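Topology and contacts: notes
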Amino acid sequence: MLLTAKAEDWDNMLVHAQLFAELSSNLPMIEWGALTSLEQQQLAAILQVCNSEVQEIEQMAVNQRGELATLLQNMHNTGKLQRAYDV
C-alpha cells in the first residue's frame with residue numbers, strides 16, 4: 001500500500017486498502033497457540049511492518065489535508081458558479 005500511496009496511484013491504493021482491511025478483520029481468528037515460535041515471530045514482524053506503513057500513509061494524508069481542503073473548496077465554488085450561470 002505504501003508504494004502505491006507514494007506513487008500517488010490512488011486506484012490501486014484503494015484496492016490494496018480494501019484487501020488490507022479484509023486481512024486485518026481476520027487477525028482475531030488467528031490461533032497463535034497453533035503457530036510455532038518462529039511462525040509467531042514472523043507474523044509479528046510482518047504485522048509491525050504493516051503497522052508502520054499504515055502510520056506513514058496516515059501521516060501522508062495529514063500532510064496533504066490542506067491541499068485536499070483547497071481542492072474541495074475550489075470544486076464547491078465552481079459548482080456555485082455553474083449553478084449561478086445556469087439560472
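Before any of the text, the structure's been laid out above.
Before going into details, it helps to say that this report is about the structure given with it. (Residues numbered from 1 in each chain as written. Predicted model: local features only at pLDDT ≥ 70, side-chain atom pairs only at ≥ 80, totals over all residues. Heavy atoms only, no water.)

A look at the overall build of the chain
The condition is simple: Helix and strand assignments come from DSSP, with helices taken as H or I runs of at least 4 residues and strands as E runs of at least 2, each series counted from the N terminus. C-alpha atoms define the radius of gyration, and 2.2 Å times the number of residues to the power 0.38 defines the globule rule. Burial status follows relative accessibility: with a 1.4 Å probe on protein chains alone, a residue under 20% of its type maximum counts as buried, one over 50% as exposed, and anything between as partly exposed. Any two residues whose heavy atoms approach within 4.5 Å are treated as being in contact. In short, Shrake-Rupley with a 1.4 Å probe defines the accessible areas, and a residue's cover is counted only from the protein chains shown. Counted charges follow a simple rule, with Lys and Arg positive, Asp and Glu negative, and His plus the chain ends left uncounted. In this description, the location of a charge corresponds to atom NZ of lysine, CZ of arginine, CG of aspartate or CD of glutamate.
Summing up its helical and strand segments, the chain has four helices and zero strands in all. Listed by position from the N terminus, the elements making up the chain come as α-α-α-α. Against the compact-globule benchmark of 12 Å for 87 residues, the chain has a radius of gyration of 20 Å, which places it well outside the compact range. Across its three principal axes, the chain shows a C-alpha extent of roughly 70 × 20 × 15 Å. When the 87 residues of the chain are sorted by exposure, 9% land in the buried category. The contacts in the chain between residues at least 6 apart in sequence include a share of 48% that link residues at least 24 apart. Surface accessibility of the chain: about 7,200 Å² in total, with carbon and sulfur atoms responsible for 59%. Distance between charge centroids for the chain: 19 Å, based on 4 positive and 11 negative side chains.

Description of the pattern of salt bridges
Note that side chains of opposite charge can pair when their charged atoms are close. What counts here: For salt bridges, the criterion is a side-chain nitrogen of Lys or Arg within 4 Å of an Asp or Glu carboxyl oxygen.
Here the structure, examined in full by the defined rule, presents one salt bridge. Across the pair Lys6 and Glu56 runs a salt bridge, and its minimum N-O distance is 3.2 Å. Linking Lys6 in helix 1 (residues 2–6) with Glu56 in helix 3 (residues 37–63), this pair joins segments that are 50 residues apart in sequence. Here Glu56 falls in the partly exposed class, since its relative accessible area comes to 34%.

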